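Summary of the model geometry
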Amino acid sequence: MAAASNLQSEDQFLCSICLDVFTDPVAIPCGHNFCKNCINEHWNTSDRCQCPMCKKVFNTKPELHVNTFISEMVVQFRQSAQQKTSSISSEQQVSKPGEVPCDVCTGTKLKALKSCLVCLASYCETHLEPHLKASRLKRHQLIDPVENLEDRMCMKHDKPLELFCKTDQTCVCMLCLVLDHKTHEFVPLKEEYEGKKAELGKTEAEIQQMIQKRRLKIQDIKHSVDLSEEDADREIAEGVQVFTALKESVERGQANLIDTIKEKQRATEKQAGAFIKELEQEISELTKRRTELEQLSRSEDHLHLLQSVQSLKAAPTTKDWTEVSVRTSSYKGTLVKAVAQLEETLSKEMKKLVAESELKRVQKYAVDVTLDPDTANPRLILSDDGKQVNDSDVRKNLPDNPERFSNYVFVLGKQSFSSGRFYFEVQVKGKTNWVLGVARESINRKGDLTLRPRDGYWTICLRKENEYKALAGPDVSLSLKSQPQKVGVFVDYEEGLVSFYDVDAAALIYSFTGCCFTEKLLPYFCPCFNDGGKNSAPLIISPVNQAE
């Protein structure tokens, strides 16, 4: 069959059966025209002779003759179509590898603009025009050009795939519906398409969420790397500071050793110099006497020799140098002693520097803590800013809410922590009795309480003068070189660590390790009783000085 054209009279030359330009056009008695082969095949597959257009029934099969007039018009139509095809606008593109070609073009194949799901063919701009202008063809479904349109035909019945079998989850034709899938559930392709499209949209949204989560995870990982880099830089800087200080200590020790040895050498040289000077002076006097004796012995004056010999024959008074010697300085043990002193100095310096470095590290996690008045025992007095607490010796009339400690002068911080690290500092200066630390949110607030980790408390205390303890259940006595004036409290939730520091001495007081935290932790404070004014000083939550 010939290619279609876009002439104004093109509808006159289209067969309503094959939907293409007539081949051997014939007219049946009702006046409608068809391709000779198309109408014969239609009647041969039908039970009766009927016009496909007007449905007129013929009792006997009409004798068919080619309509020469229409046939000549079709020839002219074909020639015009070929001429137009040969002069296609340069704007139309020749089909390239990977692009869908027009199925109608002869010779050079142009790029298809659309594919028809009814005709199962793809058309370029020129050959698509009948589908855009012919009323019968306008009803056909056009889509963006696709290859292998034959895949849209049922392989078994050679009919278009128009339905979707939900039972078998496959596309089927109309004959499949009545022959192979009678009892199955069917829906039109469009309906299933809409459903599947909605599912795809949902899946796409889910995938987009997964992508977004992974992008956020990438940001989180990069942030962790940045934090790690910051920690590494900080550790390197602190390490350089520590080792520089240790190096300076070693250099001072070396200088002291050299000075000590040189000082001993100078003392030896000084002693030797004094001996040599004295000996040289005696040599000078003896030489003088020898010269006098030599001159006298040559004298021929008898009287002079006899008068002088008595005064000159005795040797000048000199020192007995037999037992005199320069004691060589002993350097044995000097190096060993210097190294021992250096080792002791380095040990102290290293502990001090490491402690200072560690304290600076945990101070990076400082948080703002304020006291929670709803938890405070009625005897306690809290400052307006929630930073100070002390015992008043008087029990105020306050609501006994579930959060309030009823029997003990305890109070908790408002802030709670369930992950990460946090640090705060409390001034204990002037107090004779106090307890500090952290506690679980679920601790009992009423009746008798025991301060120990098993019951949700991780604390240290000052019970008597200079008697410090870690309330670890049983208690652990702490030997401190000095009385802390300010105590730092550090918690690493994931590591299960609670550490206490003497801030001024930059020294670790005690650490609870291997703790298993499963709920929120809150700062805990106990200023203890006033004790007649001896323990009246408040506990003060102090700002953390993070200066380098």
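Our structure is the block above this text.
Read on for an overview of the structure. (Residues numbered from 1 in each chain as written. Predicted model: local features only at pLDDT ≥ 70, side-chain atom pairs only at ≥ 80, totals over all residues. Heavy atoms only, no water.)

1. Notes on the sheet that holds strand β7 (residues 142-143)
Rules: For two strands to be treated as a pair, DSSP must find no fewer than two bridges joining them. Working definition: helices are DSSP H or I runs of at least four residues, strands are E runs of at least two. Numbering for both runs from the N terminus. The criterion used for residue contact is that any of the two residues' heavy atoms lie within 4.5 Å. Structural elements are reduced to axes, namely lines fitted to C-alpha atoms, with helices fitted over the stretch in contact, and the angle between N-to-C directions of any two is expressed from 0 to 180 degrees.
The sheet built from 3 strands is open, its strands ordered β6-β5-β7 with antiparallel pairing. Two strands bound the open sheet, and with one partner strand each, they are β6 (121-123) and β7. Bridging between strand β5 (residues 114-116) and β7 involves 2 bridges; their strand directions are antiparallel. The partner of Ser 115 across the bridge, within β7, is Ile 143. Lying on the sheet, helix α3 (residues 125-133) is in contact with β5, β6 and β7; it crosses β6 at an angle near 110°.

2. Describing the environment of Gln 141
Mapped onto the elements, Gln 141 comes out in the loop between α4 (135-138) and β7. Put simply, Gln 141 and Lys 56 are 85 residues apart on the chain and 29 Å apart in space, counted from C-alpha to C-alpha. Dropping the residues within four chain positions of it, Gln 141 is found in contact with Ser 115, Cys 116, Leu 117 and Val 118.

3. Notes on unusual backbone geometry
At the junction of Gly 473 and Pro 474, the peptide bond is cis and its omega measures out at 10° in the coordinates. Structurally, Pro 474 is set in the loop between β17 (467-470) and β18 (476-478). Look at Asp 393: it is not a glycine, yet its phi comes out positive at around 70°.

4. Quick notes on the side chain of Ser 115
Definition in use: We define a polar contact as two N or O atoms separated by no more than 3.5 Å, with the added condition that, inside protein, one atom must be a possible hydrogen donor and the other a possible acceptor, whereas residues neighbouring each other in sequence contribute only through side-chain atom pairs.
Structurally, Ser 115 is set in strand β5. Among the polar contacts listed, one links the side chain of Ser 115 to the side chain of Ser 122, at a separation of 2.6 Å. Apart from the residues lying within four places of it in its own chain, the contact partners of Ser 115 are Ala 121, Ser 122, Gln 141, Leu 142, Ile 143, Asp 144, Pro 145, Val 146 and Leu 149.

5. Let's talk about the pairing of strand β22 (residues 521-526)
We count it as follows: Each residue gets one of three labels from its accessible area relative to the maximum for its type: buried under 20%, exposed over 50%, partly exposed in between, using a 1.4 Å probe on protein chains only.
Most of β22 is tucked away, with 6 of its 6 residues classed as buried. Pairing of strand β13 (residues 411-412) with β22 involves 2 bridges; the strand directions are antiparallel. Counterpart to Val 411 in the pairing with β22 is Phe 525. Across 6 bridges, strand β15 (residues 434-440) lies against β22 in antiparallel orientation. By the bridge assignment, Ala 439 is partnered in β22 with Leu 522.

6. Regarding the pattern of salt bridges
Counted only if it meets this: Throughout this description, the term salt bridge denotes a Lys or Arg side-chain nitrogen within 4 Å of a carboxyl oxygen of Asp or Glu.
What the rule picks out here adds up to 19 salt bridges. Between Arg 234 and Asp 231 there is a salt bridge whose closest N-O contact spans 2.2 Å. Highlighted residues: Arg 234 and Asp 231, both in helix α6 (residues 189-298), separated by 3 residues, approximately one helical turn. The salt bridge involving Lys 319 is made with Glu 278; its shortest N-O contact spans 3.7 Å. With a gap of 41 residues between them, Lys 319 in the loop between α7 (302-312) and α8 (334-363) and Glu 278 in helix α6 connect regions that are remote in the sequence.

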